[in-house]
Structures are given as structure tokens and as C-alpha cells.
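Remarks on the overall topology
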Amino acid sequence: MRPDQIQPEMYQEQLQKKQSDLASLMATLSLPEMEVYESASSHYRMRAEFRIWHDGDDLFYAMFDSADPRTPIRTDQFLAASSLINELMPKLLDAVRDVPVLRYKLFQVDFLTTTTGEALISLLYHKPIDDEWNLAAQQLNKLFPACHFIGRSRKKKQILTRDFVMETLTVGGQKFHYQQVENSFTQPNAGINEKMLEWALDVTKEASGDLLEMYCGNGNFSIPLARQFKRVVATEISKVSVNSAQLNIAINGMDNVQVVKMASEDVSAALNGDAELPKSLLQAGVSELSPSVVLVDPPRAGLDDATVELIRKIDSILYISCNPETLKANLEALSSTHNVVRYAMFDQFPYTHHVETGVYLERKTNS
């Protein structure tokens, strides 16, 4: 996304086009009225990545157009990024410009911020990070005492203070706390994330019993939903995300959530009876689990056939999708056993064609 594509005065028009495009894509399906959740029109991204362009004695943040990937677009400010990122951008360049060991071979800067004012800044280099860099980075950190710094070069990661921030989200009037680790997946649009979590709580408010969750990440959905279910067993393949989820469960005081590190295909194979139940699932108590709802939040490829077969056995399905096309294919496969009773579009990524979609399905009475 180019900086000049962010035009708040055009946001409503672009949102309506997204809604129209999604409705056209899904027209062949039997769906209820679409619920639309709009984003803030600016300063909505809590993380951003910028290339660093060196031009003689000057250096500046740069972005690139996919149609012309060799020509840098100078980006002194980025309206999509949080106010804190925009505040830090010029201050950081001013601080490193005249420090050769910090400036030389610096090719990218990544920012991760929170709604509560924390910031993590990663400096990426095409050179080895050594003790001289570490001393200079410590002095840099003193100029930004509220920030955490990381240096990265090939096969090396230097953490000055810590490699995570702590985010606080308000969902249904209650605050939830999350560790968000550098270079791991988190929802980039905090405002829309809060709306997604509130929607998930609303659609499952009549549910009872247990929840099975796949692709749980750092526990983003698991933790708020745990207050509505007797037990939650959640699975995730990323070790970093699993560790964060377990920490987040503890700091939020949830004692009814178990997270298991396991790929979705292996979970499906085990629960479909095509493979022996692994020890990790047994220890999490999955053999005693009676899920009334299954939550899936898959990557863009959507659900594989085995996972579709698994979730169709469960009465209610909460499906969060980042790709409407694979969602449509999965819904067509599930249409023989389930009806969609709630349907929402979340504008996670304004000024792009990407949308996040939520559907809630219930088993047909004759299935």
C-alpha cells in the first residue's frame, strides 16, 4: 500500500465498495444480512515495516509500489500507522543519522505498538551485529526509555530489554491483557480486533459446554471466550504463539483453557479417528471434551478437507476468515449440514482489497 492511497475522505466510499464486492462473491450462498464493522479511517495499524533508503548523507523511510518495486517512495509519515509510530519515525532517524555504527547497513525498521503506549522497534542490518553496535544501541535506548529495541542481522537477534509488548484490549467492558512478541502474528488493527472479539462473544452467548479452537495464535479469541464456556481446548502450530498464549492465559486468570502445540491437520486426523490421539491432546483432556462450538481462524488457504469433516460434526461453528474466496469454498462444503446464522465483514485493512469475515453456523435440524 502506497502512502498516497490512504485518503480518509474516501474511506466510506471504499468501504461500501468492499461490502458490495463481498456481497457479489457470496451471492450464490444462502446468507443472512451482512453486519459491517468499519475501521478508524487513519492511525489504525499498530505495526508497520519500512525500508531504509540511504541517499548520500541523508536516509529516509521508504515504501514501494508492487508495480514499480525498484523506485522508493519517501515516507516521512504514514497515516495508516498508529499515532505513536508516526511520532517515533522522525525521532528515530534523527537519533541514528549521525551514529555510523547504527546507521551503516541499516536496511529496515519494524515498529510494533500498543493502544497503551508501548513500542518495540526492530533495526534490521545487512551486516553483523557486534559489541560496538550493542553499546551504541544501549545509548539509543536511553533516548527512548519507553521503547524496547531489537537488533537483527543474519542469524542473530540482539534483544536490549525485551522482545515483546503488552497490549490491553477492552472487550464488552472488560480488559484483557496480551503479550505480543516481535516477528510473530498479531491482529494489526486493534480497534477492529476489539470489535471482532465482541462479535464472537455475542454470537456464542447462547452456547454452553466446551469450546474447541484451532489456529488459536496467542489466545486472542480463546481468553475472552473462555468466560462463556466450561472448558476450552485450543491448538496452534507456532511455538512462539503457544508460549504467548500460555502466558496470556495465566495473566488473565483463566483456569479453564488448555493450549496444545499441534498442526491443524494432525488435530483433525486424531479427532476424526484417522490417527491415534497424541499424548498432548490427551493431557489437555480432549477425550473428555464435549464441544458445542468449534472456532477456526485459518490462514488464507482456508480449511483442508479433513478439518471441514471434523468441524461438521460439531453443532455450532465460528469461522473467522482472512480470505473470502476460501471461506466461500468451505461454506459450500459445510452447507449440507449447517446454516449460516450470522455473517459479518470486518474492515481490518482499510484502503486495500483485503477483508476479514466472520460467520457463525448452526447445525440443520435434519442433519
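Predicted, not measured: the structure shown is a model, and the values here were computed from it. (Residues numbered from 1 in each chain as written. Predicted model: local features only at pLDDT ≥ 70, side-chain atom pairs only at ≥ 80, totals over all residues. Heavy atoms only, no water.)

Concerning the layout of surface pockets
- For the largest pocket, the calculated volume is near 560 Å³.
- In terms of lining residues, the largest pocket is bounded by 30 residues, among which Phe-185, Gln-187, Tyr-215, Gly-217 and Asp-297 are the most central.
- Residue assignment for the lining of the largest pocket shows that the elements contributing at least two residues are strand 10 (174-181) and helix 8 (264-271).
- In terms of residue class, the lining of the largest pocket is made up of 13 nonpolar, 10 polar and 7 charged. (1 Å grid on protein atoms, 1.4 Å probe; cavity = no way out; pocket = protein on both sides within 12 Å on 5 of 7 lines; lining within 4 Å. Points joined across faces, edges and corners; volume = space filled by probe spheres on them. Helix = DSSP H or I, 4+ residues; strand = E, 2+ residues; numbered from the N terminus. Nonpolar A, V, L, I, M, F, W, Y, C, P; charged D, E, K, R; others polar.)

Some details on the nonpolar core
- Core analysis: the largest hydrophobic core is formed by 73 residues, its most contacted members being Leu-92, Phe-111 and Leu-123.
- Of all the elements, helix 2 (residues 83-96) adds the most residues to this core, at 7 residues.
- Split by domain, this core shows at least three residues from each of two domains, domain 1 (3-41 + 166-363) and domain 2 (47-164).
- Ignoring sequence-local partners within four residues, the contact set of Phe-111 consists of Met-46, Arg-47, Ala-48, Phe-50, Tyr-61, Ile-85, Leu-88, Met-89, Leu-92, Leu-120 and Ile-121.
- Ranked by size, the runner-up nonpolar core spans 35 residues in total, among them Phe-229, Val-293, Leu-295 and Ala-344. (Core = buried A, V, L, I, M, F, W, Y, C linked by side-chain atoms within 4.5 Å. Buried < 20%, exposed > 50% of the residue type's maximum accessible area, 1.4 Å probe, protein only. Domains from an automatic or database assignment. Contact = heavy atoms within 4.5 Å.)

Considering empty space enclosed by the protein
- Taken as a whole and assessed by the stated rule, the structure comprises 1 cavity of 30 Å³ or more.
- Taken as a whole, the largest cavity encloses approximately 60 Å³ of empty space.
- Broken down by secondary-structure element, the contributors of at least two residues to the lining of the largest cavity are strand 5 (106-113), strand 9 (164-171) and helix 5 (190-203).
- Considered class by class, the residues forming the lining of the largest cavity number 5 nonpolar, 5 polar and 2 charged.
- If you count residues domain by domain, the lining of the largest cavity takes at least three from each of domain 1 (3-41 + 166-363) and domain 2 (47-164).

Here's the deal with the UniProt feature "active site" (unreviewed entry) in the chain
- With numbering aligned to this structure, UniProt lists the feature "active site" (unreviewed entry) at Cys-322 and Glu-356. These annotated residues cover 35 residues of sequence, and their C-alpha atoms lie no more than 4.7 Å from one another, placing them together at a single site. As for the annotated residues named above, the ones lining the largest pocket are Cys-322 and Glu-356.
- Note on placement: Cys-322 falls in the loop between strand 15 (316-321) and helix 11 (324-334).
- Other than its neighbours up to four places away in sequence, Cys-322 contacts Pro-298, Pro-299, Arg-300, Val-355 and Glu-356.
- Here Glu-356 lies in strand 17 (residues 356-363).
- What Glu-356 contacts, discounting residues up to four positions off in sequence, is Gln-187, Met-196, Asp-297, Ile-320, Ser-321, Cys-322, Ala-344, Met-345, Phe-346, Gln-348 and Phe-349. (UniProt positions renumbered as here; feature names shortened; annotations may be inferred.)

Some details on the domain arrangement of the chain
- Under the domain assignment used here, the chain contains domain 1 (3-41 + 166-363) and domain 2 (47-164).
- For domain 1 versus domain 2, the separation of C-alpha centres amounts to 32 Å.
- Each partner contributes residues to the interface: domain 1 has 16 residues there, and domain 2 has 20 residues.
- Across the interface of domain 1 and domain 2, roughly 1,500 Å² is buried in total on both sides, 55% from carbon and sulfur atoms.
- Looking at the side of domain 1 facing domain 2, the largest losses of area belong to Pro-3, Met-166 and Glu-182, adding up to 43% of the total buried there.
- Counting across the domain 1 and domain 2 interface gives 2 salt bridges. (Buried area = accessible area lost by both parts, 1.4 Å probe. Salt bridge = Lys/Arg side-chain N within 4 Å of Asp/Glu carboxyl O.)

Some remarks on the pairing of strand 8 (residues 156-159)
- Relative to strand 8, strand 7 (residues 147-153) runs antiparallel, the two being bridged by 4 bridges. What sits directly across from Arg-152, in strand 8, is Lys-157.
- If you look at the hairpin formed by strand 7 and strand 8, you'll find 2 residues sitting between the two strands, and Lys-155 has a positive phi there, around 65 degrees. (Pairing = 2+ DSSP bridges.)

What about unusual backbone geometry?
- Backbone geometry places His-43, a non-glycine residue, at a positive phi of 55 degrees.
- Mapped onto the elements, His-43 comes out in the loop between strand 1 (35-37) and strand 2 (47-55).

Considering the UniProt feature "binding site: S-adenosyl-L-methionine" (unreviewed entry) in the chain
- This chain's UniProt record puts "binding site: S-adenosyl-L-methionine" (unreviewed entry) on Gln-187, Tyr-215, Asn-220, Glu-236 and Asp-297. Within the annotated group, the residues that form the lining of the largest cavity are Gln-187.
- With respect to the helices and strands, the residue Gln-187 is situated in the loop between strand 10 and helix 5.
- Residue Gln-187 is classed as buried on the basis of its relative accessible area, which comes to 11%.
- Other than its neighbours up to four places away in sequence, Gln-187 contacts Arg-47, Asn-193, Met-196, Asn-220, Asp-297, Gln-348 and Glu-356.
- Inspection of the secondary structure assignment puts Asn-220 in the loop between strand 11 (210-214) and helix 6 (222-225).
- Once you skip the residues sitting within four places of it in the chain, Asn-220 turns out to touch Leu-169, Tyr-178, Gln-187, Asn-193 and Leu-197.

Looking at the pairing of strand 10
- Here strand 9 pairs with strand 10 via 8 bridges, running antiparallel. Across the sheet, Thr-168 pairs through a bridge with His-177, a residue of strand 10.

Let's talk about the sheet that holds strand 11
- What the 8 strands build is an open sheet, ordered 1-16-17-15-14-11-12-13; its pairing is mixed. Edge positions in the sheet fall to strand 1 and strand 13 (257-261), since each of these pairs with one other strand and no more. Averaged over all neighbouring strand pairs, the angle between strand axes comes to 15 degrees, with direction disregarded.
- Here strand 16 (residues 338-346) runs beside strand 17; their pairing, made up of 8 bridges, is antiparallel. Along strand 17, the bridge assignment pairs Asn-339 with Glu-362.
- Where helix 1 (residues 11-25) meets the sheet, its contacts fall on strand 1, strand 16 and strand 17, and the angle it forms with strand 16 comes to roughly 160 degrees.
- Its contacts with the sheet place helix 7 (residues 239-251) against strand 12 (231-236) and strand 13, and it is angled at close to 170 degrees to strand 13. (Axes fitted to C-alpha atoms, helices over the stretch in contact; angles between N-to-C directions.)

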